[in-house]
Amino acid sequence: MKETKLVRLPYVIDKVGAARSTIWWWIKKGEFPSPIKLSPRVTVWKLSDIEEWIESKQQDHQVQGEA
């Protein structure tokens, strides 16, 4: 079985380098991976989703730099 690491918002903020409000705004706009609600007070993201999002942003930046 594939292991899925789940991370909380402080980790996501640190990894992405964006403010809490910015991350929630991106989610609302559909531009950032949606979180998983484990309970009314616990929200997590799959680490692999966050890493894929970062990778896509890096690729977008490289393509724009070549244009």
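This one's a predicted model, so the numbers in the text were calculated from it and none came from an experiment.

K.L.:
In this structure, what is going on with the overall build of the protein chain? I would like to understand it.
P.N.:
When you go through the protein chain residue by residue, the secondary structure sums to 3 helices and 3 strands. With the C-alpha coordinates aligned to their principal axes, the bounding extent of the protein chain is approximately 45 × 35 × 20 Å. Counting all 67 residues of the protein chain, 24% fall into the buried class. Counting only contacts in the protein chain whose residues sit at least 6 apart along the sequence, the fraction spanning at least 24 positions is 44%. Positive and negative charge centroids in the protein chain, built from 11 and 9 side chains respectively, lie 12 Å apart.

K.L.:
Would you take a moment to explain the pairing of strand S3 (residues 42-46) for this structure?
P.N.:
Taken together, the 2 bridges between strand S1 (residues 6-7) and S3 define a ladder with antiparallel strand orientation. Residue pairing for S3: leucine 6 is matched across the bridge by lysine 46. Bridge count for strand S2 (residues 36-39) against S3 is 3 bridges, and the pairing is antiparallel. Across the sheet, residue lysine 37 finds its bridge partner in S3, namely threonine 43.

Cut-offs applied
- Residues numbered from 1 in each chain as written.
- Predicted model: local features only at pLDDT ≥ 70, side-chain atom pairs only at ≥ 80, totals over all residues.
- Heavy atoms only, no water.
- Helix = DSSP H or I, 4+ residues; strand = E, 2+ residues; numbered from the N terminus.
- Buried < 20%, exposed > 50% of the residue type's maximum accessible area, 1.4 Å probe, protein only.
- Contact = heavy atoms within 4.5 Å.
- Lys, Arg positive; Asp, Glu negative; His and termini not counted.
- Charge placed at Lys NZ, Arg CZ, Asp CG, Glu CD.
- Pairing = 2+ DSSP bridges.

Fair warning: the whole summary comes from geometry, so function is off the table for now.
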